[in-house]
Each structure stands twice: as structure tokens, then as C-alpha cells.
Amino acid sequence: MSSAVRVRFAPSPTGFLHVGGARTALFNWLFAQRHQGVFVLRIEDTDKSREHENAVRVIYDGLRWLGLEWDEGGDKGGPFDPYFQSERGSIYEKYLKILESKALVYEDQGAVRFRSSHRPVLVDDLVCGRIEFDRSMEPDMTIRRPDGSWIFHFVSVVDDIEMRISHVIRGEDHLTNTSKHVALYQALGVEPPRFAHIPLILNRDGSKMSKRDEGSSISTYMERGYAPEAVRNYLCLLGWSPKDNREKLNIEEVIRLFDLDKVNRRNASFDLDKCNWLNAQYVAHMPISRFRELSGPFIEKAGIQISDEEYLLAVLRIVQEKIKLFKDVPEWIGYFFTEDYEYDAGAIAKTFSGPEIMKRLERLREGYQTLAAWNAGSLESELKRLATEIPCKAAELIHPTRLAVSGRAIGPSLYHMLEVMGKDRVLRRLSRTIERFS
Ligand code: GLU
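Residues numbered from 1 in each chain as written. Predicted model: local features only at pLDDT ≥ 70, side-chain atom pairs only at ≥ 80, totals over all residues. Heavy atoms only, no water.

Colleague: Would you take a moment to explain the overall build of the chain for this structure?
Modeller: When helices and strands are tallied, the chain shows 18 helices and 12 strands. Relative to a compact globule of 438 residues, whose C-alpha radius of gyration would be 22 Å, the chain shows 30 Å and is clearly more extended. For the chain, the proportion of its 438 residues judged to be buried stands at 54%. A separation threshold of at least 6 residues defines the contact pool for the chain, and within that pool the share at least 24 residues apart is 75%. For the chain, the exposed area adds up to about 20,600 Å²; of that, 49% sits on carbon and sulfur atoms. Positive and negative charge centroids in the chain, built from 62 and 64 side chains respectively, lie 2 Å apart. (Helix = DSSP H or I, 4+ residues; strand = E, 2+ residues; numbered from the N terminus. Rg over C-alpha atoms; globule rule 2.2 N^0.38 Å. Buried < 20%, exposed > 50% of the residue type's maximum accessible area, 1.4 Å probe, protein only. Contact = heavy atoms within 4.5 Å. Areas by Shrake-Rupley, 256 points an atom, 1.4 Å probe, with all protein chains shown as cover. Lys, Arg positive; Asp, Glu negative; His and termini not counted. Charge placed at Lys NZ, Arg CZ, Asp CG, Glu CD.)

Colleague: I tried to follow the packing of aromatic side chains on my own but got confused; where do I start?
Modeller: Geometry of an aromatic ring pair is reported as the spacing of the ring centres plus the angle between the planes. Taken as a whole, this structure holds 16 aromatic pairs when the rule is applied. Centre to centre, the rings of W240 and F258 are 6.1 Å apart; their planes meet at 40 degrees, and the pair counts as tilted. In this pair, W240 sits in the loop between α7 (228-236) and α8 (251-257) while F258 sits in the loop between α8 and β12 (268-269), placing the two residues 18 residues apart along the sequence. Each member of the pair, W240 as well as F258, is classed as buried. Above the ring of Y60, the side-chain terminus of R64 is found at 5.9 Å from the ring centroid. Above the face of the F16 ring, K211 is positioned so that its terminal group lies 5.0 Å from the ring centre. (Phe/Tyr/Trp six-rings, centres within 6.5 Å; stacked < 30°, edge-to-face > 60°. Lys NZ or Arg CZ within 6 Å of the ring centre and 35° of its normal.)

Colleague: Sorry, what's going on with the pattern of salt bridges here?
Modeller: Two side chains of opposite charge can pair, provided their charged atoms sit close to one another. Going through the model one piece at a time under the given rule, you end up with 36 salt bridges. A salt bridge links D61 to R57; its shortest N-O distance comes to 3.5 Å. A residue pair is termed a helical-turn pair when its members lie 3 or 4 positions apart in one helix, as D61 and R57 do in helix α2 (residues 52-65) at 4 residues. Its salt-bridge partner being D328, residue K327 comes within 3.1 Å of it at the nearest N-O pair. When salt bridges with common partners are traced through the structure, they connect R8, R42, E44, R88, D159 and D160 into a single cluster. (Salt bridge = Lys/Arg side-chain N within 4 Å of Asp/Glu carboxyl O.)

Colleague: Sorry if this is basic, but what is going on with the pairing of strand β4 (residues 105-108) here?
Modeller: Moving residue by residue along a regular strand, the side chains alternate between the two faces of the sheet. Across 4 bridges, β4 lies against strand β5 (residues 111-114) in antiparallel orientation. Bridge assignment links E107 to a residue of β5, and that residue is V112. What sits between the antiparallel neighbours β4 and β5 is a turn of 2 residues, in which Q109 has the positive phi angle 50 degrees. (Pairing = 2+ DSSP bridges.)

Colleague: Looking at this model, I keep getting lost on the nonpolar core. Mind explaining?
Modeller: Nonpolar side chains in soluble globular proteins generally cluster together in the buried interior. Judged by nonpolar contacts, the single largest core of 113 residues is most densely connected at L30, Y221, I333, F336 and Y368. No other element matches the 9 residues that helix α1 (residues 19-34) contributes to this core. Here I333 is in contact with I299, I304, L312, V315, L316 and V319, once residues within four sequence places are set aside. Grouped together as the second largest cluster of nonpolar side chains are 31 residues, Y95, I143, V158 and L188 included. (Core = buried A, V, L, I, M, F, W, Y, C linked by side-chain atoms within 4.5 Å.)

Colleague: It is not clear to me how the sheet that holds β5 should be interpreted in this structure. Could you clarify?
Modeller: Strand pairing in a sheet is mediated by backbone hydrogen bonds. Such pairs are either parallel or antiparallel. Read from one edge to the other, the open sheet built from 3 strands follows the order β4-β5-β8, with strand pairing classed as antiparallel. Each end of this open sheet is capped by a strand with a single partner; those strands are β4 and β8 (141-144). Adjacent strand axes in the sheet meet at a mean angle of 45 degrees when their direction is disregarded. Summarising the sheet, β5 and β8 pair through 3 bridges and their orientation is antiparallel. Of the residues in β8, the one forming a bridge with V112 is R144. (Axes fitted to C-alpha atoms, helices over the stretch in contact; angles between N-to-C directions.)

Colleague: Honestly, the packing of helix α11 (residues 309-319) against helix α17 (residues 414-421) in this entry has me stumped. Any pointers?
Modeller: Any two packed helices are characterised by how steeply their axes cross, that is the angle between the axes, and by the distance between the axes. Axis separation between α11 and α17 bottoms out at 10 Å; the angle between their running directions is 175 degrees. Here α17 runs roughly antiparallel to α11, going by the angle between their axes. Together, Y311, A314, V315 and I318 of α11 and H416, M417, V420 and M421 of α17 make up the contact between the two elements. Its residues assigned to classes, the contact of α11 with α17 shows 7 nonpolar, 1 polar and no charged. (Parallel < 35°, antiparallel > 145°, perpendicular 65-115°, else oblique. Nonpolar A, V, L, I, M, F, W, Y, C, P; charged D, E, K, R; others polar.)

Colleague: Any chance you could explain helix α15 (residues 376-389) here in plain terms?
Modeller: Since the α-helix advances by 3.6 residues per turn, residues separated by three or four positions end up pointing in the same direction. In this model, α15 (14 residues) spans 20 Å end to end at C-alpha, consistent with the 20 Å of a helix rising 1.5 Å per residue. Inspection of α15 places A376, S378, L379, E382, L383, L386 and A387 among the buried residues, and these make up the whole buried set. Buried-residue contacts for α15 involve α14 (356-369), α16 (395-406) and α17. (Expected span 1.5 Å × (residues − 1).)

Colleague: Please clarify how the side chain of D125 should be interpreted in this entry.
Modeller: By secondary structure assignment, the location of D125 is in strand β6 (residues 121-125). Comment: no salt bridge for buried D125; closest opposite-charge side chain is R265, at 7.2 Å. At a separation of 2.7 Å, a polar atom in the side chain of D125 contacts the side chain of H197. The residues contacting D125, other than those within four sequence positions of it, are L175, F195, A196 and H197. (Polar contact = N/O pair within 3.5 Å; in protein donor to acceptor, adjacent residues only side chain to side chain.)

Spatial relationships are all this shows, so hold off on functional conclusions.
Okay, here's the thing in C-alpha cells:
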């Protein structure tokens, strides 16, 4: 079947890319990848709204963020141009004429209706199995409204015929529509494509996921700075699994293992905690170059000035294990890049209390100034040596030092942080603090 596979994702531009829609797109994309097929993006915009352009952009951005690039349609065009239903009116007219010529449609109060044949329809669904639809009571369906606009069932079938779609992979909410679609194929004398209706995604309590549910919109993941590969991995598991309990799977492997007969029939349960867990796995273990890439937009947006790329990479390396979401990167690294950092007020009260604190910091500064080697190991030994000499607990030096050089009570491992900041910067910051708080 390889070269004949043509699938499509056919969203309506609502201004929102839902997790369910993204998962439908993903399964189509995986199937196309698996069979070296073509993945088409068709925009079902028969109800064109004012915010149309922006709503279409939301779909492009969401799919691209997830790495689900399409081969035809959307802003790419292709051999079956146009791929926007709002621009395909003349094609629908043509197919309407075919039905007219067969006397299968009639006008009723300005609407065009399709004469139901009342014969049963058999759908051999690749996920749901063989289903026979009784159509003996099926009313004639409207395919065009009195205002001239088209009904989804008709234009969807026409487009799938015209675009040579081989497999219709979509949410199970469309399963009952399929008998209507097959009836239209039969009327038009065209062999229907294969159908695969993938399970619905429900909340953990079994309710239907709505727009208001946390995590239901792909834009949330983009804004919070999840790793796209983690979200995509999570979406793979919503209705599909490799059947060996593994959850973190790279996409090449999923493509190799994916097929429609392995899609579950049971509804999938959406679990944001699991998505967060998977995301943390990806973020903690990704190569530093990828970590840098995904941090980039957030660093830029926060206005952090980067002049030394090596320094940035060194900083990112020591904070990587602390980061769960990329939106948090600026907060973790900001003070590395400005001498104008603020001191956390709560931490000042707790950590810089007592007259001996600044004296100790001064002794540490002196010790560090004469240190032969500047690395985490030597910085640690010197601090501990001084603690014994003073004497005080190491923690009584560690906390004030951290606050002095970063302005914060928490951060990456102190000695690694000092190593990365470098001698000049650390000594300067210790002096600044001592001057200010003495
Ligand atoms: N526009 C429809 C939807 O968003 C597409 C259904 C289909 O894939 O056929 O639900």
C-alpha cells in the first residue's frame, strides 16, 4: 500500500488547537510517516469568521511546534489547490451537479437535500471493526443550506475524493457520521477510503474534555515552555501504546511501531501529571544544544542580554536539572547576566542577620582571591576550611554566599555556580554585597 497512502488532518479554524485535534493530526502524521505516505492539511472553514486568519495561524503554529509538518495544503498549497473549503465552492457545485443528474437531490424550502437510499451501510473500521448501520429510518440529509453554505458531510466527502484520500483517520465522535459519508460515496459512484476512528480523550474522571480543562489547548504547552518532543510523546500514548509498558519513546521508534490495528478501542484518559512527568524526563536528559534552543525564545522575551555564548551554555548546564518548564529559565539564569541584580527581601532578613556575617564574607572573599585554581572542588574546600577556622557551620557561609552573588536563596549547586561565574565576577559581587550590607 506504501505509495498510495494519503491522509489528512481537517480542522475547523476555531482559534484553538485542542489536544484531541493535535492527537488526530499526530496519528495521521505517524501513519503517513510509517507508510511513506502524504499528509494533507485541509482547512474546513465553511463558516468563515472574522478572526479567520489568526485562527488558521493557531493551527499552523501548533502543528509545527509539535513537529507535525504537512506535505500538502495549509500555507503550502499543492496539486489539489485550494485546500481551504471556503475557496472550493466551484468544486462542490460540480459534485452537486453529479447528484442532480442522478436525481439524488431535491430542493426543499431553499435547502438542497440528498435522497437517502435506506439501504444498510457496512463500515469496516480499522480501529472499531465491522459496524453495520441501519439506515431504514434515515431522513434525507441537507447538503446545502438555503443561504448557499455547505454542510460538512457533503464537502468532506467531496474533498476526500478530490484529494485522493486513502485513509480517513479521525476522532470517534465522527463514527456515526460515517454511514452518511459512505452513502454519499455510493451515490457518487466512488469507492470510499478506509476509515479509522480513534478513541476519544476524556478527563480522568471520565468527563468529556472541554476548552476550560487545564492542558486542553496546545497553546498552553507552547506558552509554558514544555519540550515539544515530550508533549508529542505524551499524545502518542493517548490511544496507542507499544504494548510493553514503555512510555518515553523517541519518535523514530514510534513511527516504526505505529499502525492503526494497534490503536486502542477504549477511550483514552488525559493525565496532565503524566505529561508533566514525561516532560521533566525529556528536559532533564536532552542535549545542552537542544536545551539552549528551547530556552532561546524565553531568554529573549525576558530581555536577558547574552554576549558570551559559552558562558550561557555553562550557565544552562548547571540549571538544566532544576528546570521543568522553559518559561522558568529566565528566573533561574537572569542574575548570571547582570551586575544589577536585586537581593530577595525575605532572604536578606533571614540570611544577612548579625554583624559577623559580612566579616565572614570578607574573609571568604580574601580566601577566594588567593585561590590557585578556580573550580567547584577548590571553591568547596576553601569554604569548608574557612568554616573550620572561624569556626562556624559550612551552611552559615554557604547561604550568605549564595545570596551575596545571586541575590537569591535558591539556585544551582553553589560551588558550580561560583565556578561558572568566574573569579572576577564572584569577587566583585562579594565586595558589592559587603559594602552594601556592612
Ligand atoms: N472538520 C472536522 C472536525 O474538525 C473534520 C472531521 C473529519 O476529519 O472528517 O471535526
